[in-house]
Amino acid sequence: MAVIALKCPEINVTVVDLNADRIAAWNGPLENLPIYEPGLSAVVMEARGRNLFFSTEINSAIDKAEMIFMAVNTPTKTEGEGAGMAADMKYIESCAKTIAEVAKTDKIVVEKSTVPIRTAERIKEILDHEGNGVHFEILSNPEFLAEGTAINDLLDTDRVLIGGDSTTSGQKAVQELVDIYAHWIAPEKILTTNVWSSELSKLASNAMLAQRISSINSLSALCEKTGADINELSKAIGMDHRIGPHFLKASVGFGGSCFQKDILNLVYLCRHYGLEEVAEYWHQVVKINDYQKNRFAQKIIDHFGGDLTGKKIAILGWAFKANTNDSRESPAIDVAAKLLRAGAVLQIYDPMVSKESIFRDIDFYWEASKINELKSRITVLDSMSKLDFSFDAAALLTEWQEFKNLDFSNQLVFDGRGILSSSFYSIGKG
Ligand SMILES: NC(=O)c1ccc[n+]([C@@H]2O[C@H](COP(=O)([O-])OP(=O)(O)OC[C@H]3O[C@@H](n4cnc5c(N)ncnc54)[C@H](O)[C@@H]3O)[C@@H](O)[C@H]2O)c1
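This report concerns the structure included in the present document. The model shown is predicted, which means the values in this text are computed figures rather than measured ones.

**Focus: the site of the ligand**
Phase 1: Around the ligand, the surrounding shell holds 22 residues, and the nearest of these are Asp17, Thr74, Glu147, Lys261 and Arg328.
Phase 2: Between the ligand and Leu18, the relevant distance is 3.4 Å, taken from a nitrogen atom to a main-chain nitrogen or oxygen of the residue.
Phase 3: At 3.0 Å from an oxygen atom of the ligand is found a main-chain nitrogen or oxygen belonging to Thr114.
Phase 4: For the ligand, whose unbound accessible area comes to 830 Å², protein coverage reaches 83%.
Phase 5: No other element matches helix H5 (residues 90-102), which puts three residues into the shell around the ligand.

**Considerations on the packing of helix H12 (residues 276-303) against helix H13 (residues 331-341)**
Phase 1: Following both chains from N to C, one finds H12 and H13 inclined at 35°, their axes separated by 9 Å at the closest point. Both H12 and H13 take part in a crossing whose hand is right-handed. Contacts from Lys293, Asn294, Phe296, Ala297, Gln298, Ile300 and Ile301 of H12 reach H13 at Pro331, Asp334, Val335, Lys338 and Leu339.
Phase 2: Taken together, the residues of the contact of H12 with H13 sort by class into seven nonpolar, two polar and three charged.

**Quick notes on the packing of aromatic side chains**
Phase 1: Summed over the entire model, instances satisfying the criterion amount to eight aromatic pairs.
Phase 2: Ring geometry for Phe247 and Phe259: centres 6.4 Å apart, planes at 65°, overall edge-to-face. Highlighted residues: Phe247 in the loop between helix H10 (230-238) and helix H11 (259-272) and Phe259 in helix H11, separated in sequence by 12 residues.
Phase 3: Aromatic side chains Phe389 and Phe391 sit 5.7 Å apart centroid to centroid with 40° between the ring planes, which places their arrangement in the tilted category.
Phase 4: On the basis of relative accessibility, which here comes to 34%, the residue Phe389 falls in the partly exposed class.
Phase 5: Grouping aromatic residues by their ring pairs yields a cluster made of Phe247, Phe254 and Phe259.
Phase 6: Taking NZ or CZ as reference, Arg118 lies 4.0 Å from the ring centre of Trp196, over its face.
Phase 7: One cation-aromatic arrangement involves Arg159 over Phe144; the distance from NZ or CZ to the ring centre is 3.6 Å.

Reading the values: the criteria
- Residues numbered from 1 in each chain as written.
- Predicted model: local features only at pLDDT ≥ 70, side-chain atom pairs only at ≥ 80, totals over all residues.
- Heavy atoms only, no water.
- Near = heavy atom within 4 Å.
- Polar contact = N/O pair within 3.5 Å; in protein donor to acceptor, adjacent residues only side chain to side chain.
- Areas by Shrake-Rupley, 256 points an atom, 1.4 Å probe, with all protein chains shown as cover.
- Helix = DSSP H or I, 4+ residues; strand = E, 2+ residues; numbered from the N terminus.
- Axes fitted to C-alpha atoms, helices over the stretch in contact; angles between N-to-C directions.
- Left-handed = near helix turned anticlockwise from the far one by under 90°.
- Contact = heavy atoms within 4.5 Å.
- Nonpolar A, V, L, I, M, F, W, Y, C, P; charged D, E, K, R; others polar.
- Phe/Tyr/Trp six-rings, centres within 6.5 Å; stacked < 30°, edge-to-face > 60°.
- Buried < 20%, exposed > 50% of the residue type's maximum accessible area, 1.4 Å probe, protein only.
- Lys NZ or Arg CZ within 6 Å of the ring centre and 35° of its normal.

Below is the structure:
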């Protein structure tokens with residue numbers, strides 16, 4: 001929304017959220033915006049107060065808007081039918097109900113959240129049944145940005161996808177959204193499709209990307225058994241133009257709020273339509289990711305003979321990747337949890353993830369009775385200079401630039417991100 005405001009100065013963009021603290025932070029100092037993203041503060045600085053506004057006044061923003069983007073969270077369901085797999089649609093549904101209740105004039109409603117296929121049908125049902133008789137047109141406009149490179153991805157995108165109904169009013173709405181993106185995106189990169197293709201493209205795209213990571217990670221296990229080097233393998237296969245070099249770097253596994261939840265959602269959808277084999281095929285991408293995270297932590301434990309009691313381990317990196325402060329589903333959480341279970345004492349450092357977020361991530365993982373004992377074995381550092389280098393081993397878990405220049409001579413380092421050397425999981429001193 002900030003980028004749309006930047007590129008379309010004649011359009012007023014109002015971002016509303018139920019979370020008042022977040023909105024306050026968006027209106028606060030540029031160095032404390034809720035999301036760390038290279039280039040974002042400059043965009044906000046230019047547009048905020050001009051045609052970009054952040055507010056908790058949800059009803060009045062709906063009332064005034066001609067077009068409403070729904071970008072609420074769609075996490076994995078934790079209870080009820082499909083728990084642990086299907087997307088939880090309660091935020092989308094409650095958002096649609098608010099729009100239906102408040103809207104007194106025709107609106108275009110855009111699905112920006114990642115949603116299961118045929119969600120537009122459900123949104124339309126709510127809007128039409130609970131609305132005030134005004135006309136709603138639903139568009140699907142999934143977001144393909146990647147955290148860490150979001151601003152560049154938005155300014156110089158591979159494609160913008162817009163799905164809409166084939167009716168005259170549907171196509172008119174599609175054109176209105178095309179006109180917004182056309183302020184800075186070349187026409188050949190704006191793809192229009194039917195709503196269902198657009199909705200499914202986002203899940204399919206994330207599934208294909210994650211599949212590449214799980215594919216190379218599964219081969220890293222075979223390399224370690226056979227003496228092949230996974231980085232040499234990646235290079236050799238990536239030079240085939242049909243395969244390409246991107247997303248072929250072996251690692252401790254993917255994280256983030258999207259890949260796992262979107263693939264599980266896809267798996268659930270396939271099961272729902274009775275496609276058990278297809279469901280199992282995609283489920284394997286998530287299973288290999290869990291295997292890889294577990295395998296990495298187990299390697300550290302095995303190195304010390306199966307017990308880490310009293311061993312001092314430094315966890316370098318908590319964000320699920322570099323250039324973001326997002327740690328949702330970060331492999332660091334699973335690795336740290338497994339090391340703690342084996343008795344380790346941890347120093348944790350990440351350049352952007354706050355101490356509060358790190359403790360919150362750990363809190364989620366454990367039953368309340370164990371949390372105090374565990375926390376007594378964790379120190380979170382606010383600066384790399386505070387790292388006590390007398391650790392028994394370090395685990396490099398985020399590819400922050402800051403870690404690439406460290407001198408680990410004579411230290412035992414488990415490299416989960418291929419940061420240090422040409423060899424994945426380069427274990428050893430010096
Ligand atoms: N994070 C990404 O990189 C990314 C990329 C592409 C797509 N997506 C999709 O975008 C959606 C949002 O992701 P996110 O990472 O920003 O989630 P998030 O949880 O960080 O943010 C969602 C926000 O929606 C607010 N909200 C919930 N219900 C609301 C309501 N009824 N009215 C107003 N505000 C409400 C919440 O308070 C929260 O601040 C998800 O569907 C996700 O899959 C995310």
